[in-house]
Amino acid sequence: MKTYSLIVLGLVLSISTSHAADRSLEERQVPIDVPAVSGDVEVDAYLDEAVWQDALRLTIDWETWPAENIPARAETEAFIAFNGETLFIAFIAHDPAPELIRAHYSDRDAMFQDDFVGVVMDTFNDERRGFEFFVNPLGVQGDLFKDDIQGGEDASYDTIWESAGRLTETGYVVEMALPMRSLRFAASEEPQIWGIDFIRIYPREERHQFRMYRADRNLSCTLCEYQKFRGFAGADPGNNLQLVPTVTGIQTNARPDYGLPMENGDFEVEPSLDLEWGITPNVILNGTLNPDFSQVEADVAQLDVNNQFSLFFPERRPFFLEGRDLFQDPFNIVYTRNIADPEYGAKVTGKEGSHAFGAFFANDEQTSVLFPGSQGNDFGSFDFKTENAAMRYRYDIGGNSTVGIIATDRSGDDYSNSVIGVDTKYRFTDSDSITAEVLTSETEYDAEMVAANGVRADPFEGSASYVGYNRNRREYNIYAEHQQVDEDFRADLGFLPQVGFDKSILGGGYNWFGNGDDWYRRIRLNGDVDRTEEAVSGIELEQETEAYISVNTVGWQGYAQFGGIDRTQYWDGVEYDQDILAFYGEIKPNKMLSTGMSLRHGDAIDYANSRAGRTLTVDPWFIFRLGRHLNLRFDPTYQRMNVDGGRLFSAWIHELRATWQFNNRMFLRVITQYRDLYRNQDLYLSAVNRDQTSWSNQVLFSYKLNPRTVFFAGYSDGKFAFNDGLVDNPLQTQEQTLFFKLSYAWQL
């Protein structure tokens, strides 16, 4: 019956309304009407309901990457309809070789190496931000936020919607139901106009992107190209009140120090509550009480040896990820991983016409602070509590420009740091833009910080500024930047490890595009020149010239980049001349294997001992997809440094992540990270261990009914070994943790 219904639907749709997909940019400003329908659908990837017979039918006719606006290599039909409460979208993806379709079960937002189809919607019609909904042939969801001001996509955006996918003899079918209360838009009884694009990703020898219309590579915006659609009259996102109670249980056994007996911790059960409330259709309030902000999954391992500045780790916690695009700025003055152990927090974000705004606050039971300098930074952790807050306001100007204000505040006991600034991004042509920001800060450290880190005790002020110009055209791009940061500027709620410098950059690149007979799709030559001076002394901290050539090949989704760096760097009173070679390459020869490698080799500075050295870093990676359920990722990293006298150190990291995905909602993951560091004690000026080894493991079971109704259970441990040159201390378990987390989303 299902097959018969699909045949009948195909006959009906073959004569139903469709629109030519070769409209000019000006013609796309004329809206296409989205039909209002009655009835509902069962989301099962069988398009046999009456809704689909009345839906608007469109075709995805153009390949926009890697080829430039040629007819798509496979036919795709897209359908859209609206019944007053739900937006229905479906795709019939035809394929000339369906056996080559790449489709795997995976966690949500982890299916982007597969075939997939989806829709991007500019629901506020401001050509600045969009919401993306993608589905692979097995129904795995991916939803993202598209930021057309800063550029890029953010997979931390999650909402509740339904999807299904089904492989067929001629391709696959995808069905989607997006509840209007799960979307963000301005409520109105009148018809609305949204910018919408339908997209298909088709990975074969190359990763092809198909879109509804031709793309203009001379434009510096994407959402401005979208076809306008009219409809959705009376759509109401409602108050969208969502309560998510959570119960977390954890027990940690740990040794106070190496060699001491393991101490068993108590099994602790903690309740918490998260709230999301649409105060108005455009203003969202998030609140949290006694939140569980622990990491469910281990961070990707990074080498932390011979680094000039602290390493950056991305935020993963949902409360802070909500609306984070609004708080992004050139200096990264909002870095919420600094808030380690809060008891409560609240956040409001919204968009009203040309006004976008956001604010959050959260306390912290402990205080972690970066103490930045011009050539390095220190780090301190303190027991006192702080209150943390950030505010952002942005006003949209014209077609795609903005002006805004941003502020942060962090305070506790006798410690405080506040930052306030203004910024703008002005696009004065389709290809040219200027970005600028000016910030000022006020800081006062308490006595414990002064004693522990030797920082100044009196209150002080500082400033920072940034200006950048970008021109992006099809064949080339150029950019110029200048930033200045006073030695007394601090952004303690952000990630700013370096202060006290002036830096200028001038760079650009040129593209050569191949035709259908060439072995390459694009060859790019790019580079830049930059100079950094210490703000007070005027000493040249760094003078650098770098150049790269890269190529996207025809076949195996190949990409390679090779280049070099010529650098003069100042450290601890001495200038060091450095020549460095760099390479990165990757291939994806089939649906089972993806692999790549980065390599850097050349001169470097031994920061611990203030002398010249030669370094090599090799970082390959391998991803194996065995069948539709098993995913293996192996990341070995090797780094070494030689100085006069021999090998200073060598370091290895081995990381393996193995995931068995039972279905779209449930997986079992094992992560193991092994680190080994050898240092030649005779070549160090201070005492160090000769050998140091750590080995950590994590087992995680996950079930997700939706992004907020989840169950996690797992185990983790950490082992440590060292040799101080006299005694070999073998691997010993330092910590063991059992945990579970259960949350349920009540949509009211």
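Because the structure is predicted, anything quoted here is derived from the model rather than measured.

S.K.: I keep staring at the overall build of the protein chain and nothing clicks. Help me out?
M.R.: Helix and strand counts for the protein chain stand at four helices and 42 strands. By principal-axis analysis of the C-alpha atoms, the protein chain measures approximately 80 × 60 × 50 Å. Considering only residue pairs separated by 6 or more positions, the protein chain has 60% of its internal contacts joining residues 24 or more positions apart. If you sum the accessible surface of the protein chain, you get close to 32,300 Å²; carbon and sulfur atoms cover 54% of it.

S.K.: How should the pattern of salt bridges be read in this particular structure?
M.R.: Note on pairing: side chains with opposite charge can pair once their charged atoms come close. Applying the stated criterion to the full structure yields 37 salt bridges. For Asp 115, the salt bridge identified is with Arg 204, shortest N-O distance 2.9 Å. In this pair, Asp 115 sits in the loop between β6 (86–94) and β7 (116–122) while Arg 204 sits in the loop between β13 (192–203) and β14 (207–211), placing the two residues 89 residues apart along the sequence. A residue is classified by how much of its surface remains accessible, and Arg 204, at 10% relative accessible area, is buried. One salt bridge connects Arg 633 with Asp 635, and the closest N-O pair in it is separated by 2.8 Å. The buried category is assigned to Asp 635, whose relative accessible area is 13%.

S.K.: I'm lost on the state of the cysteines in this one. Help?
M.R.: Enumeration over the complete set of coordinates arrives at one disulfide. One disulfide bridge connects Cys 221 with Cys 224, the sulfur atoms lying 1.9 Å from each other. In this structure the cystine formed by Cys 221 and Cys 224 twists about its S-S bond by roughly 80°; its chirality is therefore right-handed. Take Cys 221: its relative accessible area is 10%, and that puts it in the buried class.

S.K.: Even after reading the chapter, I still don't get the side chain of Lys 347, so can you show me in this structure?
M.R.: Note that Lys 347 resides in strand β19 (residues 344–352). Once residues lying within four places of it in the same chain are set aside, the contact partners of Lys 347 are Ile 284, Leu 285, Asn 286, Phe 319, Phe 320, Leu 321, Glu 322, Ala 359 and Phe 360.

S.K.: So what exactly am I meant to see when it comes to the side chain of Asn 697 here?
M.R.: Position of Asn 697 among the secondary structure elements: in strand β39 (residues 691–704). A distance of 3.3 Å separates a polar atom in the side chain of Asn 697 from a polar atom in the side chain of Trp 695.

S.K.: Explanation requested: the nonpolar core in the structure shown.
M.R.: Nonpolar side chains in soluble globular proteins tend to be buried together. In this structure, Leu 87, Phe 133 and Phe 198 are the most contacted members of the largest nonpolar core, which totals 43 residues. Only β2 (56–59), β5 (76–82), β6, β7, β8 (129–135), β12 (171–179) and β13 provide two or more residues apiece to this core. When residues no more than four places from it in sequence are discounted, the contact partners of Leu 87 are Ile 80, Ala 81, Phe 82, Met 121, Met 176, Ala 177, Leu 178, Met 180, Trp 194 and Phe 232. Phe 320, Ala 491, Phe 501 and Tyr 570 belong to the second-largest nonpolar core, a separate cluster that totals 26 residues.

S.K.: Got a minute to help me understand the environment of Ala 67 in this structure?
M.R.: Inspection of the secondary structure assignment puts Ala 67 in the loop between β3 (62–65) and β4 (70–71). Sequence separation between Ala 67 and Gly 514 is 447 residues, and the spatial gap between their C-alpha atoms is 8.5 Å.

S.K.: Teacher, can you tell me more about the sheet that holds β5 here?
M.R.: For sheets, the rule is that strands pair by backbone hydrogen bonds, running either parallel or antiparallel. Spatially, the five strands line up as an open sheet ordered β2-β5-β6-β12-β11, and their pairing is antiparallel. Only two strands of the sheet have a single neighbouring strand rather than two, namely β2 and β11 (162–168). In this sheet, neighbouring strand axes are inclined to one another by 15° on average, regardless of whether the strands run parallel or antiparallel. Pairing of β2 with β5 involves four bridges; the strand directions are antiparallel. Residue Leu 58 lies in a different strand from β5, and its bridge partner there is Ala 78.

S.K.: Would you explain a nonpolar patch on the surface in this entry?
M.R.: Together, Tyr 510, Trp 512, Leu 525, Ile 549, Phe 562, Leu 581 and Phe 583 make up an exposed nonpolar region whose accessible area comes to about 650 Å². Elements represented by at least two residues in the nonpolar patch include exactly β29 (501–513) and β33 (574–587). Tracing the backbone through its elements, the reader meets Leu 525 in strand β30 (residues 520–534).

S.K.: Is there a simple way to explain the environment of Asn 253 in this structure?
M.R.: When you line up the elements, Asn 253 lands in strand β16 (residues 242–254). Here Asn 253 falls in the buried class, since its relative accessible area comes to 14%. For Asn 253 and Phe 267, which are 14 residues apart along the polypeptide, the C-alpha to C-alpha distance reads 9.7 Å. The residues touching Asn 253, leaving out its near neighbours within four places in the chain, are Met 262, Glu 263, Asn 264, Gly 265, Gln 734, Glu 735 and Gln 736. A polar contact of 3.5 Å, which involves the side chain of Asn 253, links it to the side chain of Gln 251. A polar contact is formed between the side chain of Asn 253 and the backbone nitrogen of Gly 265, at a distance of 2.9 Å.

S.K.: Got a minute to help me understand unusual backbone geometry in this structure?
M.R.: With the exception of glycine, most residues fall at negative phi, and the peptide bonds are largely trans. The amide bond that connects Trp 65 to the next residue, Pro 66, takes the cis arrangement and shows omega of 0°. Relative to the elements of secondary structure, Pro 66 occurs in the loop between β3 and β4. We note that Ala 45 has phi near 70°; this positive angle belongs to a residue other than glycine. In the Ramachandran plot, Asp 572 falls in the positive-phi region, its phi being about 50° despite a non-glycine side chain. Here Asp 572 lies in the loop between β32 (559–571) and β33.

S.K.: I'm lost on the pairing of strand β24 (residues 401–412) in this one. Help?
M.R.: In this sheet, β24 lies alongside strand β23 (residues 386–397) in antiparallel orientation, the contact comprising 11 bridges. Within β24, the residue paired with Arg 392 across the bridge is Ile 406. Here 11 bridges tie β24 to strand β25 (residues 415–427), and the two strands are oriented antiparallel to one another. Bridge pairing links Ala 407 to Ile 420 in β25. From the end of β24 to the start of β25, which pair antiparallel, there are two residues, and Asp 413 there has a positive phi angle of about 50°.

S.K.: How should the confidence of the model for the protein chain be read in this particular structure?
M.R.: Close inspection of predicted coordinates is inappropriate for parts of the model with low pLDDT. Confidence in the prediction for the protein chain averages 88 pLDDT; 94% of positions are at 70 or higher. Counted against residues more than four places away or in other chains, residues 1–20, with its pLDDT under 50, gives 23 contacts.

S.K.: Would you mind showing me how to read a negative patch on the surface here?
M.R.: The grouping of Asp 566, Glu 575, Asp 577 and Asp 579 at the surface amounts to a negative patch. Inspection of the secondary structure assignment puts Asp 566 in strand β32. Residue Asp 566 is classed as partly exposed on the basis of its relative accessible area of 45%.

S.K.: What is the right way to read the packing of aromatic side chains from this model?
M.R.: Each aromatic ring pair is characterised by the separation of its centres together with the angle its planes make. Applying the stated criterion across every chain, the model contains 39 aromatic pairs. Ring pairs connect the aromatic residues Phe 371, Phe 382, Phe 384, Tyr 415, Tyr 445 and Phe 460, which therefore count as one cluster. One residue, Arg 214, lies across the ring of Trp 62, its end atom 4.0 Å from the ring centre.

What counts and how
- Residues numbered from 1 in each chain as written.
- Predicted model: local features only at pLDDT ≥ 70, side-chain atom pairs only at ≥ 80, totals over all residues.
- Heavy atoms only, no water.
- Helix = DSSP H or I, 4+ residues; strand = E, 2+ residues; numbered from the N terminus.
- Contact = heavy atoms within 4.5 Å.
- Areas by Shrake-Rupley, 256 points an atom, 1.4 Å probe, with all protein chains shown as cover.
- Salt bridge = Lys/Arg side-chain N within 4 Å of Asp/Glu carboxyl O.
- Buried < 20%, exposed > 50% of the residue type's maximum accessible area, 1.4 Å probe, protein only.
- Disulfide = S-S within 2.5 Å.
- Polar contact = N/O pair within 3.5 Å; in protein donor to acceptor, adjacent residues only side chain to side chain.
- Core = buried A, V, L, I, M, F, W, Y, C linked by side-chain atoms within 4.5 Å.
- Pairing = 2+ DSSP bridges.
- Axes fitted to C-alpha atoms, helices over the stretch in contact; angles between N-to-C directions.
- Patch = residues over 30% accessible without salt bridge, like charges linked within 9 Å, V, L, I, M, F, W, Y side chains within 5 Å.
- pLDDT = per-residue confidence, 0-100.
- Lys, Arg positive; Asp, Glu negative; His and termini not counted.
- Charge placed at Lys NZ, Arg CZ, Asp CG, Glu CD.
- Phe/Tyr/Trp six-rings, centres within 6.5 Å; stacked < 30°, edge-to-face > 60°.
- Lys NZ or Arg CZ within 6 Å of the ring centre and 35° of its normal.

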